[in-house]
Every structure is written in C-alpha cells, then in structure tokens.
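One letter stands for each residue in the lines below.
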Amino acid sequence: MTEISHDRLLIIDFGSQVTQLIARRLREANIYCEIHPYQVVTDSFLQTFGPRAVILSGGPASVFAENAPHPPKAVFSMGVPVLGICYGQQIMMHMLGGQVDRGQGTAEFGRAYVTQADGDLPLLDGWFDDGPEQVWMSHGDHVSRIAPGFQVYGTSPNAPFAIIADPARNFFATQFHPEVHHTPNGARLYENFVRLAGFTGDWTMGAYREEAIEKIRAQVGDGKVICALSGGVDSSVAAVLIHEAIGDQLTCVFVDHGLMRKDEAAEVTTMFREHYNLPLIHADESELFLTALESISDPEQKRKIIGRLFIEVFEKHAAAIGGADFLAQGTLYPDVIESVSFSGGPSVTIKSHHNVGGLPERMNMALVEPLRELFKDEVRALGRELGLPAHFIGRHPFPGPGLAIRCPCEITRPKLDILREADAVYIDQIRKHGLYDQIWQAFVAILPVRTVGVMGDGRTYDYACALRAVTSVDGMTADFYPFSHEFLGETATRIINEVPGINRVTYDITSKPPGTIEWE
C-alpha cells in the first residue's frame, strides 16, 4: 500500500466494469483515493489504511449468491461516511437490517429519471433544481425494505429506493451509477459526498508526480530499468517520469514489430534522440513478429504472441546492456480493467491487453508501471506537468499490438502495407479539416473480405476497409464521431484513388459499449 500524506478515500471494488470511473470522478475533485477488491479489505487493512470515507462499488453479484462479496462489518462502525452504489447499496441494506429482493419485473438497465422525495439532504445539493434527474441504472435485484435509520430521498419508476440515506451516521446509497457520463449530474453528487467527509481537495497531478517518483525510487533502488517505449503518449510519459526518478539507470527500447503506422519508427526515434536525453535502443524486430503471426487469426492469440515476443526482445536487449532488473511499461487503468479486474477483483474479462493479460508467466524482470492507476486524460495532464510538448501529448492513442488488431483475421505483409497507406490518408484528412483534437482516436481497419468494384473500365476485386473515429473522455465509454457525409465521401474517394488494394470504404458507427474502440 502506498504511503500517502493526503486524506484518503477507499473504494471497495465489487467487480463493476465502471468502478474506475468512481476514482476518476474523485480525482477531478482533487481527492486522493485507492481502489481495492473486497477480498483484501479486512479489519486490519481498514485500520492501516485509515480512510476518511468509503465508497462501496457496484458489481455483477447478487446478495443471494453463495459467497456473495461483503465488505467487513467494521466499515459501518468506523465513524466515517459511507456511500453505496448499486450492488453497494444492496449489500449495505443486506448487512444493516434492510431487505433485498430478486429481480422479477423490477430490473432496470439504462437511462432512468429520479424524482426527489421529501426532505433535504446535503448529498443532493445542486440536484433536482430543474426537476427529475437523469441517471443510469444497471440492476436486477432491488432493495425492497430499507434498514432502520434510513430515509428515502429519491425514487424512479422501477427503484422506489433510488436514493436513500441515514444522515445521522453519514451513510448514503444510490441504486444508480453516478460515476458514468449518462448520469449528467453525477460528479456533483460525489463532490457533495467528499465535502461532507471533510476532504480539502489537495491531491493534484503535481502531487502525483512527486509521489510516483518516490515510489519508483523505492521500488527500483540501485537496479537497472529497461523501458518499453512505443512512442505513444503512455509509454513516453512513463519513460520521462522514470528517467526523472532514476536517471541513467533507465534504458529505453523502441521495438519496431513491423506493425507500426507509416513512418512512425523514424519519427519516434528521431524525436527521442533529438529532444530527450534518454538512452534509446531501436530494435528492428519486424521479421520476428510478423513470422510468428503468420496464419494467426484469433485476436487473443495475436495479443499473447505479441506480449510474449515483447518480453523476449526486452530480455535480449537487457542482457546486451549488462542486465536489467525491471521492465517499465505505460499500462493504464482501462488496460487493467479490460484484461482483469483491478487488483484481482471479480469483474468480467473483456479482452487481454498485450502488456497485461498477454504477459507470459515466465518473467525475468519485475514490472514498473507508474501509470497503472491513471486514465488517459490524467496521463496527458501528467505529461504537461513533466513538460512534454502539447502537440505530442495530444496524439491519439495507439495500441501496443499496433496494426495487428486493426487487421482482423490473418495478418499479411501486403495487407499491412495497404493499411498503413489508408490510415495515413485518413489521418491527413482529419488534420486538414481541423478535426484531430475533437476526436479521441481515429484509425482504419482493413477488413478480411474482398469486394467487386469497377475503376475506369476495369473490374477490381480488392479489400474493403472501415474508418473508425470516436469521442471519449476516458476510453471506458465512447461514441462515434459524427463526420459529415461530405467529409466521408471525400475521404473515401481519396483512399480508393490513392491506395492500391482498396475499392470500398465503410464507416463504423458502433459505440462502446457494446463494441470496443479497437476492432480486436
């Protein structure tokens, strides 16, 4: 557990896919918080951690299930404010003398509207000023009787106990999720909660930088660190941060796995050698990766192959510099939550990330992951704190597996060449139209089908591609970017005219969820 001088808020994770968004809301209010799975939160843990407040997250479980996850009873006797969210509300009622019933017609998923009940509650300052509040529900079971001491402060058609509280003990609970963007006024509720708990909002990215440097120094000691530098924002911020902490104990390795965008390898190596005083090895391992990926169609297998080869390459170059004790990566919160739940909690796996779920069990180096608890926008804020150029910090995310996951099914060198050219045209179009900074991430995926077309007087039988562009705040949820038909038509024309091998262009309008941002 990190030694932190700030007041701390504890989030007990019961496996919700959006638990990390609770932390994000709190960080926006400059509150230091940590997420820990319910399995590790014992009475002794609580005593050592010393939280000023506790939040019980949502989760997929039912209080009726065998071995249903519980917080320790001490949570409710510590004398600190407690907020239960969805499952957190249900388990709170279950443990404090209320009653929870199974679904049976009262399940509620998606948008709902909560109406204010009688009574004033400081938690709801700024709520209901303009009538009912839109919220986001996601529950099957429901509270049917509230525990002694609690009152109802908000109701929805399918949740008569949508907002409840015991003000005397500073216990609060909601059936909906205030942390998601579909609850527009949710951030205000969290701000009210931490104000009631007495937080002063003294945690900033400057403080995170100082504490992260201390943690890196404590972890690494006199050891050597080799850093996986992709040239993306995450790994670059991690490299600069680690270099600030340990200086020449760090060596960066840029692995060109043959899955980079057009001219990216040259751009990355030039930038870091000319603008940063970081030791950098350019490892051209494209033949190794592309050979290993031949005939591989399953996306999970692709990710695990890439993860395994990354480690082998780093171990090889670590040996070349006289050995390294640690491997540094730019792993982020969304990577962790989609691969496995944070710190081993009970949430459902969505997909493996090459730098999380794809790591082999055999590791000759320990991991240093100073960004593991940050969202993308927080990494950019840290990058600004570290003095990285604004144009660089604003770059769209690029996945570690690179174009491998933008080439569904089998990967071939000719398909990768086509994909690079199409992607370069697409991004050029976005920049020319002044849209780059409005978009979270944009890319082309080459589809595993060929279509008949006609160009001039001749028949073509070439690949189709899909354009993808999304808007997002944190990468956990995303909507497609609403390009004009004129833009899409102009871009499709350019790609078909300028990129041999593509004769059909589509635009992906899937949101996240149900889709993910990347295709694989």
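Residues numbered from 1 in each chain as written. Predicted model: local features only at pLDDT ≥ 70, side-chain atom pairs only at ≥ 80, totals over all residues. Heavy atoms only, no water.

Caption draft 1: View of the packing of helix α5 (residues 205-220) against helix α6 (residues 233-246). Close contact between α5 and α6 brings their axes to 9 Å; oriented N to C, the two are set at 65°. Between α5 and α6, the crossing angle belongs to the class labelled roughly perpendicular. The two elements α5 and α6 meet at a crossing, and its hand is right-handed. Contacts between α5 and α6 involve Arg-209, Ala-212, Ile-213, Ile-216, Arg-217 and Val-220 from the former and Leu-241, Ile-242, Glu-244, Ala-245 and Ile-246 from the latter. (Axes fitted to C-alpha atoms, helices over the stretch in contact; angles between N-to-C directions. Helix = DSSP H or I, 4+ residues; strand = E, 2+ residues; numbered from the N terminus. Parallel < 35°, antiparallel > 145°, perpendicular 65-115°, else oblique. Left-handed = near helix turned anticlockwise from the far one by under 90°. Contact = heavy atoms within 4.5 Å.)

Caption draft 2: Representation of the pairing of strand β10 (residues 159-166) in the model. Most of β10 is tucked away, with seven of its eight residues classed as buried. One ladder, built from four bridges, connects strand β9 (residues 151-156) with β10; its direction is antiparallel. Bridging across to β10, Ser-156 finds its partner in Ala-159. Hairpin connection between β9 and β10: a loop of two residues separates the two successive antiparallel strands. As paired elements, β10 and strand β11 (residues 171-174) share four bridges and run antiparallel to each other. Paired with Ile-164 across the strands is Ala-173, a residue of β11. With antiparallel pairing between neighbouring strands as the criterion, β10 and β11 make up a hairpin whose turn holds four residues, including Asn-170 at a positive phi of roughly 55°. (Buried < 20%, exposed > 50% of the residue type's maximum accessible area, 1.4 Å probe, protein only. Pairing = 2+ DSSP bridges.)

Caption draft 3: Spatial organisation of α5. Here α5 spans 22 Å end to end across 16 residues, near enough to the 22 Å set by a 1.5 Å rise per residue. Those residues of α5 lying buried are Met-205, Gly-206, Ala-207, Tyr-208, Arg-209, Glu-211, Ala-212, Ile-213, Ile-216 and Val-220. Where α5 is buried, its residues touch β12 (225-228), α6, β15 (326-328), β16 (366-368) and α11 (376-386). After α5 finishes, the residue Gly-221 shows a positive phi value of roughly 60°. (Expected span 1.5 Å × (residues − 1).)

Caption draft 4: Highlighting the pattern of salt bridges. Inspection of every chain in the model, using the stated rule, returns 25 salt bridges. Here the residues in one salt-bridge network are Arg-24, Arg-25, Glu-28 and Asp-377, joined through shared partners. (Salt bridge = Lys/Arg side-chain N within 4 Å of Asp/Glu carboxyl O.)

Caption draft 5: Representation of the confidence of the model for the protein within the structure. Across the protein, the average pLDDT comes to 88, with 92% of residues at 70 or higher. Counted against residues more than four places away or in other chains, residues 340-354, with its pLDDT under 50, gives 58 contacts. (pLDDT = per-residue confidence, 0-100.)

Caption draft 6: Region of the structure containing the state of the cysteines. With the rule as written, the count across this model stands at zero disulfides. Cysteine Cys-33 is unpaired, with the sulfur of Cys-86 as its nearest cysteine sulfur at 19 Å. In this model Cys-409 remains outside any disulfide bridge; the closest cysteine sulfur is found in Cys-407, 8.5 Å from its own. (Disulfide = S-S within 2.5 Å.)

Caption draft 7: Spatial organisation of the side chain of Arg-8. Along the polypeptide, Arg-8 turns up in the segment before β1 (9-13). Buried and unpaired, Arg-8 has no salt bridge, with Glu-34 as the nearest side chain of opposite charge at 4.5 Å. In terms of polar contacts, Arg-8 uses its side chain to reach the backbone carbonyl oxygen of Phe-49, at 2.8 Å. (Lys, Arg positive; Asp, Glu negative; His and termini not counted. Polar contact = N/O pair within 3.5 Å; in protein donor to acceptor, adjacent residues only side chain to side chain.)

Caption draft 8: Quick peek at helix α1 (residues 19-28). By the criterion of burial, α1 is predominantly enclosed, with nine of the 10 residues buried. Inspection of α1 places Thr-19, Gln-20, Leu-21, Ile-22, Ala-23, Arg-24, Arg-25, Leu-26 and Arg-27 among the buried residues, and these make up the whole buried set. With its phi angle positive at about 60°, Asn-30 sits one or two positions after the end of α1.

Caption draft 9: Broad picture of the nonpolar core. By size, the foremost hydrophobic cluster in this structure holds 96 residues, and its most contacted members are Leu-371, Leu-382, Tyr-426, Ile-430 and Phe-483. Per element, the largest residue contribution to this core is nine residues, and it comes from α6. By size, the runner-up hydrophobic cluster in this structure holds 41 residues, among which are Ile-22, Ala-112, Leu-121 and Ala-162. (Core = buried A, V, L, I, M, F, W, Y, C linked by side-chain atoms within 4.5 Å.)

Caption draft 10: Summary view of the sheet that holds strand β14 (residues 280-284). Strand order across the open sheet formed by five strands is β14-β13-β12-β15-β16, with parallel pairing between neighbours. At either margin of the open sheet sits one strand with a lone partner, and together these are β14 and β16. The average undirected angle you get between the axes of adjacent strands in this sheet is 30°. Sheet topology places β12 next to strand β13 (residues 250-256); four bridges connect them, and they run parallel. Counted as the bridge partner of Ala-228 is Val-253 from β13. Across the sheet, α6 lies against β12, β13, β15 and β16, angled at about 160° from β13, the strand it touches most. Where helix α9 (residues 299-320) meets the sheet, it contacts β12, β13, β14 and β15, and its direction lies at approximately 135° from that of β13.

Caption draft 11: The side chain of Ser-236, seen in detail. One can find Ser-236 in helix α6. With near-sequence residues (within four places) excluded, Ser-236 lies in contact with Leu-229, Gly-231, Phe-272, Leu-388 and Phe-392.

Caption draft 12: Molecular detail of the pairing of β13. β13 sits mainly inside the fold: seven of its seven residues count as buried. Side-chain alternation along β13 places Leu-250, Cys-252, Phe-254 and Asp-256 on one buried face and Thr-251, Val-253 and Val-255 on a second face that is also buried. In the classification by handedness, the crossover that spans β12, the intervening α6 and the parallel β13 is right-handed. For β13 and β14, the ladder comprises five bridges, and the chain directions are parallel. Counterpart to Val-253 in the pairing with β14 is Ile-281. In this fold, the crossover linking β13 to β14 by way of helix α7 (residues 264-275) has right-handed handedness. (Right-handed = clockwise from strand over helix to strand, strands pointing away.)

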